Amino acid sequence: MRNYKEKIIQILLTSLAFASLFFLIGIVFILVKESIPIISEINFLEFLFGKEWYPSRQPPQLGIFPLITASLLVTAGALSICIPLGVGAALYINELAGIKQKKILKPLIEILAGIPSIVYGFFGMLIAAPFIQKIFNIPTGLCALTASVMLGIMAIPTVTSISEDALSSVPKSFKEASYALGANRIQTLFKVIIPAAASGISTSIILGASRIVGETMTVLMVSGGAAVVAKSFFVPVRPMTSTIAAEMGEAAVGSPHYHALFAIGLILFLITLIFNAGAEHISKKYRIKLGLGR
Amino acid sequence: MSAENIIRIQAENVNFYYGRHKALKNINLDFYNNKVTSFIGPSGCGKSTFIRLLNKMNDLVADTKTEGNIWLDGENILHDKADAVKIRRKVGMVFQKPNPFAKTIFQNVSYGLEINGEKNKKIISDKVEESLKKAALWNEVKDRLADNALKLSGGQQQRLCIARCLAVEPEVILFDEPCASLDPISTNKIEELILELKKQYTIVIVTHNMQQAARVSDWTAFMYLGELIEFASTDKIFTVPKEKKTEEYLSGKFG
Amino acid sequence: MKNKIVENIGFIIITLCLLATLFFLALIIYFIFAKGISVISWEFLTCAPRKAMTAGGVAPAIAGTIFLTLGAVIFALPLGMSCAIYLNEYNPSGFIVNAVRIGVNNLAGVPSVVFGLFGLAVFVKFLGFGVSVLSGSLTLGILILPAIISASQEALTAVPQSVREASLALGATKLQTIVKTVIPSALPGIMTGVILSIGRAAGETAPILFTAAAFYKRGYPDSPFSEVMALPYHIYALMTEGTRPELQTPIAYGCALLLLAIVLLISSAAIILRNKYGRYYVS
């Protein structure tokens with residue numbers, strides 16, 4: 001009787017574990033399955049490097065090069081904001097903040113990491129875009145720059161949180177050894193602590209970048225939406241995520257447009273996959289370097 | 001002497017492997033009813049591994065293999081089909097580090113009763129009191145039974161673990177270095193307790209501390225590198241050891 | 001002397017980084033609160049929209065967000081917890097452990113819009129649930145599944161092996177040990193993960209864009225198969241659709257304030273719970 005019940009529960013748990021696995025793998029399967037038609041129908045290189053994205057033309061022109069460049073541009077812009085500010089803030093929390101400040105700042109940053117992306121988009125559209133339009137005297141504030149700024153701010157808490165974890169896991173003995181040799185705090189920080197935490201900080205940046213590339217609602221609302229290859233930060237752009245979000249509603253199921261949007265999803269998936277693998281690889285190496293085991 | 005030496009547990013040709021490493025080599029040993037048997041020997045000699053076989057705790061360790069027989073009340077407990085749950089209710093265990101649950105003091109002791117299906121509140125609370133009294137902890141905790149057990153001191157936690165074990169009414173109790181993490185005063189209390197408990201239970205204790213073995217046990221087994229070197233009454237082994245290795249260990253030449 | 005100056009400049013720069021970060025984040029929160037607070041009223045919280053979204057309240061959107069989030073948790077929690085318990089307590093073969101680990105690690109970073117695509121292809125189209133609460137909940141459920149699995153696994157791993165041994169040595173069965181000692185000890189950690197996931201699910205827009213959300217829906221959803229309004233999507237719709245932006249924008253501010261308040265409260269609760277539980281176990 002007792003064994004019987006134990007066995008049933010075990011079988012139940014096993015099947016639920018496999019169900020989870022099924023869903024996790026299912027996403028990859030669906031993305032590939034729904035992307036295959038477009039890759040087999042039109043030349044893959046043409047899809048990737050075509051400069052014309054006119055899905056509603058007859059026949060539709062499905063070149064995603066403008067979308068890829070838009071994503072790259074916006075990501076680069078956002079990183080140039082979130083790396084210095086995010087890492088700087090982490091250094092402050094780790095090095096300058098007292099115990100009391102640390103106790104408030106660490107959870108605060110973590111809580112702020114949870115602000116929904118729609119809120120950044122909303123703020124960007126109503127406050128940041130008009131402001132940027134005025135300052136740079138450009139025709140519209142809904143452009144790559146505004147998107148970069150909003151995404152950059154959005155990613156700061158992620159970068160700060162993970163960087164700070166990396167900094168605080170540097171053994172105290174490293175710091176003491178440096179002080180004992182007569183180094184001052186800033187020398188110790190830049191010559192000992194930052195190098196020791198470098199891979200953890202890199203991990204935080206990669207994860208921040210991964211979040212920026214995949215962010216949808218913010219770019220959908222503030223990037224302006226023009227599907228042309230961007231030549232500067234001051235023009236409207238249409239990154240990959242916002243293309244999916246904006247156009248999926250109007251794409252007829254089974255049409256080349258529909259499959260093309262899934263293919264964009266697959267590319268996004270692969271990009272974040274590479275980012276995550278990179279982050280995992282680096283953080284593994286870094287744990288070994290600090291002698292923290294696997 | 002022989003009249004009161006009733007064999008309770010009998011180990012026959014026991015071998016044990018962690019992966020390919022042979023951790024126990026052909027152990028043959030008898031445990032007597034209502035006696036304290038202690039295991040001494042340097043770390044890694046297999047004494048803990050051996051007593052963990054007596055309540056099938058090694059089943060939890062992956063990639064291990066056991067050979068031989070251990071007889072308890074006519075049942076071979078090393079057999080694959082032997083019911084671990086039933087055996088563990090008969091053979092209780094107290095671990096090296098006190099490991100109370102993160103529950104109240106009361107719940108820690110009542111845990112074993114509840115998993116056995118006891119629902120009567122009166123019986124449970126009587127049994128909890130009785131067990132805490134037997135473990136010499138009742139006077140210290142009777143007013144704070146609803147406190148979290150993790151608030152107790154290390155020595156109190158270990159006595160709570162003993163009370164928890166007694167509540168299940170085992171017949172044999174295994175102590176795996178019960179004082180390894182305790183101060184001398186707490187150690188002394190646990191030793192007194194063991195001497196008291198042997199009137200009712202068969203006790204097996206693993207210890208690092210030779211004096212402790214001499215103080216509490218009737219029989220002593222000396223193990224070295226997975227082998228049982230010598231097994232004799234505690235008086236004999238400490239005064240006239242037969243084996244050279246035993247003598248060297250007892251005189252502190254290695255260990 | 002020179003060193004001292006360099007040191008001070010360095011410290012000023014990193015202090016400015018922190019201040020700039022806090023300033024930007026505070027600015028966003030301040031604007032949303034300042035402009036949204038005047039919109040919040042009893043009517044706003046409890047009534048349906050009127051006059052083509054230009055007046056009235058957003059109660060259906062609040063309700064929709066609650067339904068979607070609860071649905072996601074009801075789906076993902078049992079699945080994720082069982083998966084973690086199985087992996088941690090039943091020593092399964094290396095294959096499934098690795099497969100789940102790789103799946104969890106990689107899906108945690110996948111853009112939410114990609115989950116939306118999956119939901120569209122599988123729940124809306126293939127299983128025929130249509131654009132509905134059910135499709136949206138399931139999509140959000142899969143989105144938070146990796147987080148729930150990894151939070152549960154982490155919490156279960158943190159339960160010391162000695163606690164399991166203590167219970168088994170008292171003659172408890174494996175199941176009794178898991179239910180009565182392992183899960184209660186791991187519960188605060190699991191709950192932290194779950195609460196953080198609730199906050200995430202409540203704030204996500206992209207996954208429900210084509211699986212659940214409607215700009216306008218008269219009243220509350222009456223079945224799992226009906227479309228719903230949802231707070232985050234409502235903000236987006238108010239800003240990009242409709243014809244009276246001057247009337248719609250204040251309502252959007254109100255929605256943004258509500259959403260922000262809900263999400264910040266939820267994540268604060270999770271982090272407070274985690275810190276408290278962390279301290280408890282250290283002692």
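Note that this is a predicted model, so its numbers are computed, not measured. (Residues numbered from 1 in each chain as written. Chains lettered and ligands numbered in written order. Predicted model: local features only at pLDDT ≥ 70, side-chain atom pairs only at ≥ 80, totals over all residues. Heavy atoms only, no water.)

Looking only at helices and strands, one finds 11 helices and 2 strands in chain C. A total of 283 residues make up chain C; the buried ones form 59% of that total. A fraction of 73% describes how many contacts in chain C between residues 6 or more apart in sequence connect residues 24 or more apart. When the accessible surface of chain C is totalled, it reaches about 11,300 Å², and 69% of it is carbon and sulfur. (Helix = DSSP H or I, 4+ residues; strand = E, 2+ residues; numbered from the N terminus. Buried < 20%, exposed > 50% of the residue type's maximum accessible area, 1.4 Å probe, protein only. Contact = heavy atoms within 4.5 Å. Areas by Shrake-Rupley, 256 points an atom, 1.4 Å probe, with all protein chains shown as cover.)

All names here are of chain B. Phi angles above zero are rare outside glycine, and Asn-13 is one such case at about 45 degrees. With respect to the helices and strands, the residue Asn-13 is situated in strand 1 (residues 7-18). According to the relative accessible area criterion, Asn-13 is partly exposed, its value standing at 42%. One non-glycine residue, Ala-136, adopts positive backbone phi at about 55 degrees. Here Ala-136 lies in the loop between helix 4 (121-134) and helix 5 (138-141).

All right, on to the interface of chain A and chain C then. Contact with chain A, which involves 77 residues of that partner, is made by 81 residues of chain C. Roughly 6,800 Å² is buried in total at the junction of chain A and chain C, and carbon and sulfur atoms are behind 82% of that figure. In terms of surface lost to chain C, no three residues of chain A exceed Phe-23, Leu-24 and Phe-122 of chain A, which account for 10% of the buried area on that side. Applying the counting criterion to the chain A and chain C interface returns 2 salt bridges. (Buried area = accessible area lost by both parts, 1.4 Å probe. Salt bridge = Lys/Arg side-chain N within 4 Å of Asp/Glu carboxyl O.)

A few words now on the nonpolar core. Counting 179 residues, the largest nonpolar core has Trp-53, Ile-64, Phe-122 and Ile-264 of chain A together with Val-58 of chain C as its most contacted members. With 14 residues, the single largest contributor to this core is helix 3 (residues 59-89) of chain C. (Core = buried A, V, L, I, M, F, W, Y, C linked by side-chain atoms within 4.5 Å.)

All names here are of chain B. Strand order across the open sheet formed by 6 strands is 6-7-8-3-9-10, with mixed pairing between neighbours. Each edge of the open sheet carries a strand with a single partner, namely strand 6 (91-94) and strand 10 (227-233). On average, each strand axis in the sheet is tilted by 15 degrees relative to the strand beside it, whichever way the strands run. The pairing of strand 3 (residues 36-40) with strand 8 (residues 202-206) spans 4 bridges and is classified as parallel. Following the sheet pairing, Val-36 is matched in strand 8 by Ile-203. (Pairing = 2+ DSSP bridges. Axes fitted to C-alpha atoms, helices over the stretch in contact; angles between N-to-C directions.)

Residues and elements named next belong to chain B. One pass over the structure, following the stated rule, counts 0 disulfides over all chains. In this model Cys-165 remains outside any disulfide bridge; the closest cysteine sulfur is found in Cys-161, 9.3 Å from its own. Relative accessible area serves as the criterion here: at 2%, Cys-165 is assigned to the buried category. (Disulfide = S-S within 2.5 Å.)

Another point: helix 10 (residues 231-240) of chain C. All names here are of chain C. For helix 10, the tally of buried residues reaches 9 of 10 residues, placing the bulk of the element in the interior. Residues Leu-231, Pro-232, Tyr-233, His-234, Ile-235, Tyr-236, Ala-237, Leu-238 and Met-239 constitute the buried set of helix 10. Looking one or two residues past helix 10, Gly-242 carries a phi angle of roughly 85 degrees, positive in sign.

In this section: the pairing of strand 7 (residues 172-176) of chain B. Residues and elements named next belong to chain B. Burial of strand 7 is extensive: 5 of the 5 residues sit out of reach of the surface. The two faces of strand 7 match: Val-172, Leu-174 and Asp-176 on one face and Ile-173 and Phe-175 on the other face are all buried. Bridge count between strand 7 and strand 8: 5 bridges; the pairing is parallel. Bridge assignment links Asp-176 to a residue of strand 8, and that residue is Val-206.

Turning next to the side chain of Thr-188 of chain A. The residue Thr-188 of chain A is located in helix 8 (residues 185-214) in this model. For Thr-188 of chain A, the contacting residues outside a window of four places in its chain are Lys-175, Ser-178, Tyr-179, Ala-183 and Ile-193 of chain A.

Before going further, it helps to examine the packing of helix 3 of chain C against helix 6 (residues 133-158) of chain C. Residue and element names in this part refer to chain C. At a closest axis distance of 6 Å, the pairing of helix 3 and helix 6 adopts a crossing angle of 35 degrees. At the point where helix 3 passes helix 6, the crossing takes the right-handed sense. In the contact of helix 3 with helix 6, the residues fall into 22 nonpolar, 9 polar and 1 charged. (Left-handed = near helix turned anticlockwise from the far one by under 90°. Nonpolar A, V, L, I, M, F, W, Y, C, P; charged D, E, K, R; others polar.)

Under the counting rule described, the total for this entry stands at 21 aromatic pairs over all chains. Measuring from centroid to centroid gives 4.9 Å for Tyr-32 of chain B and Trp-219 of chain B, while their planes differ by 40 degrees, and the two rings are tilted. Of the two residues, Tyr-32 of chain B is situated in strand 2 (residues 21-32) and Trp-219 of chain B in strand 9 (residues 219-224); the sequence distance between them amounts to 187 residues. Taking 4.6 Å as the distance between ring centres and 45 degrees as the angle between the ring planes, the aromatic pair formed by Phe-101 of chain B and Tyr-111 of chain B counts as tilted. With Phe-101 of chain B in the loop between strand 6 and helix 3 (105-115) and Tyr-111 of chain B in helix 3, this residue pair connects regions lying 10 residues apart in the sequence. Exposure class is identical for Phe-101 of chain B and Tyr-111 of chain B. Each is buried. One aromatic cluster is present, formed by Phe-22 and Phe-23 of chain A together with Phe-75 of chain C through successive ring pairs. (Phe/Tyr/Trp six-rings, centres within 6.5 Å; stacked < 30°, edge-to-face > 60°.)

To continue, consider the environment of Ile-178 of chain C. Residue and element names in this part refer to chain C. For Ile-178, the location among the structural elements is in helix 8 (residues 174-203). The class of Ile-178 is buried, set by a relative accessible area of 5%. Ile-178 sits 10 residues away from Leu-168 along the chain, and the two C-alpha atoms are 10.0 Å apart. With near-sequence residues (within four places) excluded, Ile-178 lies in contact with Ile-85, Glu-89, Tyr-90, Ile-183 and Pro-184.

The next subject is helix 1 (residues 2-36) of chain C. Taking 1.5 Å of rise per residue, the 35 residues of helix 1 of chain C would be expected to cover 51 Å, and the 50 Å separating its terminal C-alpha atoms lies within 8% of that figure. Residues of helix 1 of chain C that are buried include every one of Glu-7, Gly-10, Phe-11, Ile-14, Cys-17, Leu-18, Thr-21, Leu-25, Ile-28, Ile-29, Ile-32 and Gly-36 of chain C, and no others. (Expected span 1.5 Å × (residues − 1).)

The next point concerns the environment of Val-58 of chain C. All names here are of chain C. Mapped onto the secondary structure, Val-58 falls in the loop between strand 2 (55-56) and helix 3. Here Val-58 falls in the buried class, since its relative accessible area comes to 0%. C-alpha of Val-58 to C-alpha of Tyr-220: the two residues are 162 residues apart in sequence and 11 Å apart in space. Non-local contacts of Val-58, meaning those with residues more than four positions away in its chain, are made with Phe-44, Cys-47, Leu-231, His-234, Ile-251, Cys-255 and Leu-258.

The next subject is the pairing of strand 1 of chain B. Note on strand geometry: in a regular strand, side chains alternate between the two faces of the sheet. Residue and element names in this part refer to chain B. As paired elements, strand 1 and strand 2 share 8 bridges and run antiparallel to each other. Bridge pairing links Gln-10 to Asp-30 in strand 2. Remark: 2 residues form the turn of the hairpin made by strand 1 and strand 2, two consecutive strands paired antiparallel; Gly-19 in that turn has positive phi of roughly 60 degrees.

What follows concerns the side chain of Asn-94 of chain A. By the secondary structure assignment, Asn-94 of chain A is in helix 3 (residues 65-96). When near neighbours in sequence (up to four residues on either side) are disregarded, Asn-94 of chain A contacts Lys-102, Glu-164, Leu-167 and Ser-168 of chain A.

Moving on, we get to the pattern of salt bridges. Throughout the structure, instances matching the rule amount to 30 salt bridges over all chains. Between Glu-95 of chain A and Arg-185 of chain A there is a salt bridge whose closest N-O contact spans 3.3 Å. Placement of the pair is Glu-95 of chain A in helix 3 and Arg-185 of chain A in helix 8, with a sequence separation of 90 residues. For Arg-185 of chain A, a relative accessible area of 34% translates into the label partly exposed. A salt bridge links Glu-130 of chain B to Lys-134 of chain B, with the shortest nitrogen-to-oxygen separation between them at 3.6 Å. Of this pair, Glu-130 of chain B and Lys-134 of chain B both sit in helix 4, separated by 4 residues, roughly a single helical turn. A single network of salt bridges, built from pairs that share partners, joins Arg-8, Asp-73, Lys-90 and Glu-171 of chain B.

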